[in-house]
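Examination of the molecular architecture
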Amino acid sequence: MGALGHFLERQGIPTAGISLVREHTETIRPPRALWVTFELGRPLGIPDDADFQRRVLRAAAALLERTDGPLIADYPEDVAEEADFTGWACPINLAPTSVDTLAAEIERLATWHDRAVAASGRTTTGVSGLDMPAAGHLLVQALEGELPPAQALKEAVDDLRAYYLEAASAFPDAGTPAMRKAWLWDETLFGKALLAVQPRLVASTDPQHRILGNLTLIPATERYRLTKG
Amino acid sequence: MVKRLSDMPEVEASHLRRIECPTYEDTPALAGKPLRERRIVLISTAGLHKRGDRAFRPGDGSYRVIPAETPARDLVMSHISVNFDRTGFQQDHNVVFPIDRLRELVAEGVVGSMASVHYSFMGAFPPAAAEPHAQHLAGLLKQDGVDAALLVPV
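Quick notes on the rules
- Residues numbered from 1 in each chain as written.
- Chains lettered and ligands numbered in written order.
- Predicted model: local features only at pLDDT ≥ 70, side-chain atom pairs only at ≥ 80, totals over all residues.
- Helix = DSSP H or I, 4+ residues; strand = E, 2+ residues; numbered from the N terminus.
- Rg over C-alpha atoms; globule rule 2.2 N^0.38 Å.
- Buried ≥ 20, exposed ≤ 12 C-beta atoms within 10 Å, placed from the backbone.
- Contact = placed C-beta atoms within 7 Å.
- Core = buried A, V, L, I, M, F, W, Y, C linked by C-beta atoms within 7 Å.
- Expected span 1.5 Å × (residues − 1).
- Pairing = 2+ DSSP bridges.
- pLDDT = per-residue confidence, 0-100.
- Axes fitted to C-alpha atoms, helices over the stretch in contact; angles between N-to-C directions.
- Parallel < 35°, antiparallel > 145°, perpendicular 65-115°, else oblique.
- Left-handed = near helix turned anticlockwise from the far one by under 90°.
- Nonpolar A, V, L, I, M, F, W, Y, C, P; charged D, E, K, R; others polar.

**Some thoughts on the overall build of chain B**
Within chain B, the secondary structure is distributed over 4 helices and 7 strands. Secondary structure elements of chain B, listed N to C terminal, follow the sequence α-β-β-β-β-α-α-β-β-α-β. At 16 Å, chain B has a C-alpha radius of gyration in line with the 15 Å of a compact globule built from 154 residues. Looking at the 154 residues of chain B, the share that counts as buried comes to 46%. The long-range fraction of contacts in chain B, counting pairs at least 24 apart against all pairs at least 6 apart in sequence, stands at 77%.

**Description of the nonpolar core**
Burial of nonpolar side chains together is a common tendency in soluble globular proteins. Membership of the largest hydrophobic core comes to 65 residues, with the highest contact counts inside it found for Leu4(A), Ala60(A), Ala61(A), Ile40(B), Val41(B), Ala149(B) and Leu150(B). In terms of residue count, the dominant contributor to this core is strand β7 (residues 148-152) of chain B (5 residues). Residues within four places of Ala61(A) in sequence aside, it is in contact with Ala16(A), Leu35(B), Ile40(B), Leu105(B), Val110(B), Val111(B) and Leu150(B). Residues Leu109(A), Met132(A), Phe190(A) and Leu194(A) belong to the second largest nonpolar core, which totals 30 residues.

**Thoughts on helix α4 (residues 127-143) of chain B**
Compared with an ideal rise of 1.5 Å per residue, which puts 17 residues at 24 Å, α4(B) spans 24 Å between its outermost C-alpha atoms and is within 8% of the ideal. Along α4(B), the residues classified as buried are Ala130(B), Ala134(B), Leu137(B) and Leu141(B). Buried positions along α4(B) lie against α1 (2-10) of chain A together with β1 (39-44), β6 (117-120) and β7 of chain B.

**Concerning the interface of chain A and chain B**
The interface of chain A with chain B comprises 76 residues on the first partner and 76 residues on the second. Elements supplying a minimum of two residues to the side of chain A that touches chain B: α1, β1 (15-19), α2 (22-28), α3 (50-62), α6 (150-168), α7 (177-187) and α9 (207-216) of chain A. Summarising the sheet, β1(A) and β7(B) pair through 3 bridges and their orientation is parallel. Of the residues in β7(B), the one forming a bridge with Gly17(A) is Leu151(B).

**Some words on the confidence of the model for chain B**
Averaged over all residues, the pLDDT of chain B is 95; the fraction at 70 or higher stands at 99%. For this predicted complex, the interface confidence comes out at an ipTM of 0.97, alongside a pTM of 0.94.

**What to know about the environment of Met132(A)**
Residue and element names in this part refer to chain A. Mapped onto the fold, Met132 is located in helix α5 (residues 132-144). Met132 gets classed as buried once you count the C-beta atoms within 10 Å, which come to 22. Once the C-alpha coordinates of Met132 and Pro31 are considered, the two residues, 101 residues apart in sequence, prove to be 43 Å apart.

**Looking at the pairing of β1(B)**
Each regular strand carries side chains that alternate between the two faces of the sheet. Residues and elements named next belong to chain B. By the criterion of burial, β1 is predominantly enclosed, with 5 of the 6 residues buried. The pairing of β1 with strand β5 (residues 113-114) spans 2 bridges and is classified as parallel. Paired with Arg39 across the strands is Ser113, a residue of β5. Sheet topology note: the β1/β7 ladder contains 5 bridges and is parallel. Bridged to Ser44 within β7 is Val152. Where β1 and β6 come together, 2 bridges link them in parallel fashion. Within the sheet, the bridge partner assigned to Ser44 lies in β6 and is Ser120.

**Overview of unusual backbone geometry**
Residue and element names in this part refer to chain A. In this structure, Pro70 follows Gly69 across a cis peptide bond, with omega equal to 5°. The residue Pro70 is located in the loop between α3 and β3 (71-74) in this model. Located in the positive-phi region is Asp48, a residue other than glycine, with phi close to 60°. Note that Asp48 resides in the loop between β2 (32-35) and α3.

**Remarks on α1(A)**
Here α1(A) lies mainly inside the structure; 8 of its 9 residues are buried. For α1(A), the full list of buried residues reads Gly2(A), Ala3(A), Leu4(A), Gly5(A), His6(A), Phe7(A), Leu8(A) and Glu9(A). In this fold, the buried residues of α1(A) make contact with β1, α2 and β2 of chain A together with β1, α4 and β7 of chain B. Once α1(A) ends, the next one or two residues include Gly12(A), with phi positive near 100°.

**Some details on the environment of Ala33(A)**
All names here are of chain A. Within the secondary structure, Ala33 sits in strand β2. On the basis of neighbour count, Ala33 is assigned to the buried category, with 29 C-beta atoms found within 10 Å. In this structure, the C-alpha to C-alpha distance between Ala33 and Gly5, residues 28 residues apart in sequence, is 9.1 Å. Residues in contact with Ala33, not counting those within four places in the same chain, are Gly2, Gly17, Ser19, Thr25 and Ile72.

**As for the packing of α1(A) against α4(B)**
Interaxial distance between α1(A) and α4(B) falls to 9 Å at its minimum, and their mutual angle equals 40°. Between α1(A) and α4(B), the angle is such that the two are oblique. α4(B) is crossed by α1(A), and the crossing has right-handed handedness. Judged by residue contacts, Ala3(A), Leu4(A), Phe7(A) and Leu8(A) of α1(A) engage Pro127(B), Ala130(B), Glu131(B), Ala134(B), Gln135(B) and Ala138(B) from α4(B). Considered class by class, the residues forming the contact of α1(A) with α4(B) number 8 nonpolar, 1 polar and 1 charged.

Rendered as structure tokens:
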């Protein structure tokens, strides 16, 4: 965020930033920016590629010695597109049936999430302070009963999203991150629950519920699903 | 590979176009010591914090403190936006918060040293909400002997 470059440099701290959206940086004009062409969410480019990341960070740091700002330097390396395995299907049959529940789906994924945590040594869940069954319960409550406070629901939903995607990364044929995100929306009861709760949030009298429903629940790229009946 | 907004899928590009960017008078880029002598802080806007710290909320312009020795398994992300990839962070925190890479640049002698404490804002802040926090932070950075900040978005 280029505004921080202005704020800190004016207080005497030289800054250099990575830019993911060149048009934004061209408007904000921070003192020094390294523009990269990487996917939003991956400012250093490639997970688990220390050499690549180090080259990006070194290029950003090198800008600190320049005083001809505001400047935007173009980082020369790109990240290749992921191969598209059209027709990939989730190898784990989550077997939604007419009597299936979100709680059962969450439970079925637990062993895969355990496997993911064992492999990476960490999880990024844990913002809400709830365990996953409790987070799922809060979402069910939002669907069937009174809406919980927006912040509590947001934190529970973001924890569940991390849980599902981390669990799916441990499937035997895990596919790419893009495939796993598509799986979440196409094939899980969790994805369906998010789409189902959105209209309830938008119709709430609480402005925080409306912010969640309109902006911070469903990614822009998935909102087309809301118009499906 | 993402080039310009005009190269992106329209649904993503239009979301990004709608984000209002502030404008400022140009801020002069300050001169400083050679890089190999500087003490550098990482400042993320990914909404990162230690598990158990206060989550970020809409409109939140404050920052969270991430000590340099924080284990990766303690880091979580509560950015309010759902319009960026999180699987990279789930796989490797350094793709968002390159603390180990900075440590390596120090070891190689490319930069002098790293701050004892690093920071994260949540980038969807209204700039006016973040400015007083950033001004306060600048004072803390000077106390830590920091000569420069690397700003990492998400």
